[in-house]
Structure formats: C-alpha cells, structure tokens
Amino acid sequence: MAVTAPRPTARKRPADAPTGRTARRRARVQWKGYLYVLPALTVLTVFLLVPLGQLIQISLYHWDGVSASTWAGLANYTDIVRDPQLRAGFLHSIVLILFFAVIPVLLALMLAAVTTRAGRLRGVSVFRAVIFLPQVVAMVVTATAWTAIYAPDGVLNAALRAIGLQAVARPWLGGFSTALPAVGLIGTWLEIGLCLVLFIAGIGQIPAELYEAAKLDGAGAVREFFAVTLPGLRGQITVALTLTVIAALRTFDLVYVATHGGPGNATSLPAFEVYNRAFGTGQVGSACAIAVVLTVVILLITFLITKLQPEEDGT
C-alpha cells in the first residue's frame, strides 16, 4: 500500500502583515508627510543650516570682511584658549549664569510656593503681573533705565545716601569689581518673572491628591514643598534653566547698551566679542570662531540640563 506524503500547508499570513498593495500605500503616505514638512525644512536649510556652514567655513580663515582672506586652519580656535580677553569673556558668562539662571530659579520657586498658598489674598494677581512685566519690555529700554539707576547720581546711590550709606555709593557700572555683578542683577530682575510664571503653571498641574496625602501625613509647608511641589516641577525647572542659561550665554544688547564691554573688559562676553571683532576690529574669522564655540557650548549645556527632564511613562 503506497503511502502518500502529506501536502505542505500554506502558512497563514498574520492578520497585521501588510500586503504588497498596503505597503505601497503606506510608502505613499510617508512621502506625503515629507511633502508637508518640506516648506519648513526649506526655510530651516536656507536660513539656518547654510549660514551655519558658511560660519564654520569663515572661521577657518583670517579675514577682515573686505580684502582677500588667508587660510588660518584652527588658529582662530586656538586663539580663544590663548587670548586672555576671550577666556575672560567665557568666564564672565559663567558668572552671568549664576545671576540669570540659578538665582532667578531659586527665588521663583520660593515665590511660586508662597503665592500659590496665598492665592486668595488680595493683590496676588497684580504682584504676578508686575513681576512678569520685565519680560515684555524691550532689552534696550531695560538697559537704558538701569544705566540711569546705576549712575553716580542715580536712584540707587541717592537711596543709599538717604539712609546714611554714603560710603557704599559708587558708579556701579564703572567699577571693575562691581560692573559684572551689576549687569548680572539686571538679568536676575529680567528672568525671575519668566521662571515664576512657569512654576505657577506647573504647580497648577500637580494633582491635589498629593497635597492632601502630604497633609494627612502631617507635613508642614516646607516638607510639603520638598516632597510634593519640587518633584512635580522637574519639567518646568528644566525649561526655566534651559531658557535662562541660553539668555545668559547669548547676552549682547544689555552689555552693549549698559557698559559696551567695559570698564576695560570687565563685562566682555562672547556674544559681545563676536560683534566687536566682526564690526569693530575687522577680525571676522575670529568672530566666527567665537560664534561656533559659543554655539557648541550652548548645545552642550542645554543637553546636560535636559537630563533633569523626567522620563515619560512608556504605558
């Protein structure tokens, strides 16, 4: 009796496996998606990526912006390390990060905790609007106003003399030891409103059940802040630090109007040096090198700050 081999059964196609027609349809849909972003990608390429490439190219040459350029290689970059004035500019930026980012974030956290607990008091909304007001004022106007406040006969020195502190009064923007902290305090005044608005919005998103649970555990205001509010604001703190650190590193107009980098180079910053070398001393290649290094520093610091961002749940 002959035994017949069983016929091989055809494998069943999984229900979610795409057919050839479905795969082609999906490919067309993906290409349509790229067409939607093509205008934005074109603008990004023309106005950002191409100029960035030209910036890197010019940084490799000695050029005054008018005459023929000569090859410099990495000389413009090594000058950033060797030139004391350029090194000082980057060190000044680190000091400004303290005034533009660290102090505003700390003060805004305290103010946000106080104002949210005292939300029913009269005048709280007016206080929030006033403290955010510097964000809507042009930087040139802000710098001009604070220059008048810091002047030898300005409001600050007049107030010090009125309370008997004549020895403390001085030209704040004219002293080598006081000019940079004076500029930094302007940055603190500017950025605290932005941080406060971010933190108040973040506190409003924290579930009320967490605060109720903390109260049931007998937590006071301070313990409640560190156990509930501060962990719930990690995302907002990351955003605030990112924005304020970038503001500190790219500060130009404030220094240009208030001190013009002086006295000496006491308030010289990388962004100001880019302008000064490109349009003041005719060192366009060096200015481009500083701009490239500043861009890399901003990207690196921003990347490190984003590590504070809480991870999203995968579910």
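Before reading further, recall that the structure is shown in the block above.
Attention here is on the structure that accompanies the text. (Residues numbered from 1 in each chain as written. Predicted model: local features only at pLDDT ≥ 70, side-chain atom pairs only at ≥ 80, totals over all residues. Heavy atoms only, no water.)

### Notes on the overall build of the protein
Stated formally: The numbering of helices and of strands both runs from the N terminus, where a helix is a DSSP run of H or I of at least 4 residues and a strand a run of E of at least 2. Residue burial is assigned from relative accessible area. The probe radius is 1.4 Å, only protein chains are included, and a residue is buried under 20% of its type maximum, exposed over 50%, and partly exposed in between. Contacts are residue-level and defined by heavy atoms, with any inter-residue pair within 4.5 Å sufficient.
From N to C terminus, the protein includes 13 helices and two strands. Sorting the 315 residues of the protein into buried and exposed places 35% on the buried side. In the protein, the share of contacts with a sequence separation of at least 24, taken over all contacts with a separation of at least 6, comes to 64%.

### A look at the pattern of salt bridges
When charged atoms on two side chains of opposite charge get close, those side chains can pair. What counts is decided by this rule: We define a salt bridge as a contact between a side-chain nitrogen of Lys or Arg and a carboxyl oxygen of Asp or Glu at a distance within 4 Å.
Going through the model one piece at a time under the given rule, you end up with two salt bridges. Ionic pairing is found between aspartate 83 and arginine 277, a salt bridge with its closest N-O pair at 2.8 Å. A residue pair is termed long-range when its members are at least 10 positions apart, and aspartate 83 in the loop between helix 2 (75-82) and helix 3 (84-117) and arginine 277 in helix 12 (residues 270-280) qualify at 194 residues. With a relative accessible area of 22%, aspartate 83 lands in the partly exposed category. Put simply, glutamate 273 and arginine 277 hold a salt bridge, and the shortest N to O gap is 3.3 Å. Pair noted here: glutamate 273 and arginine 277 are both in helix 12, with a separation of four residues, about one helical turn. A network of salt bridges, in which partner residues are shared, links Asp83, Glu273 and Arg277.

### Side note on the environment of alanine 108
Position of alanine 108 among the secondary structure elements: in helix 3. Alanine 108 gets classed as buried once you look at its relative accessible area, which sits at 0%. Note: C-alpha distance between alanine 108 and cysteine 195 (87 residues apart in sequence) is 5.8 Å. When near neighbours in sequence (up to four residues on either side) are disregarded, alanine 108 contacts Ile192, Cys195, Leu196 and Phe199.

### Digging into the packing of helix 5 (residues 139-150) against helix 7 (residues 179-205)
Defined as follows: Fitted lines through C-alpha atoms give the axes, limited to the stretch in contact for helices. The angle between two N-to-C directions lies from 0 to 180 degrees. An angle counts as roughly parallel when it lies under 35 degrees, as roughly antiparallel when it exceeds 145, as roughly perpendicular when it falls between 65 and 115, and as oblique in every other case. Less than a right angle of anticlockwise turn of the near helix away from the far helix marks a crossing as left-handed, whereas a clockwise turn marks it as right-handed. Under the scheme applied, nonpolar residues are Ala, Val, Leu, Ile, Met, Phe, Trp, Tyr, Cys and Pro; charged residues are Asp, Glu, Lys and Arg; polar residues are all the others, including Gly.
Orientation of helix 5 relative to helix 7, taken along the N-to-C sense of each, is 130°, at an axis distance of 11 Å. Accordingly, the angle class assigned to the pair helix 5 and helix 7 is oblique. Judged by the sense of rotation from one axis to the other, the crossing of helix 5 with helix 7 is right-handed. Contacts from Met139, Thr142, Trp146 and Tyr150 of helix 5 reach helix 7 at Ala182, Leu185, Ile186, Trp189 and Leu190. Residues that form the contact of helix 5 with helix 7 fall into these classes: eight nonpolar, one polar and no charged.

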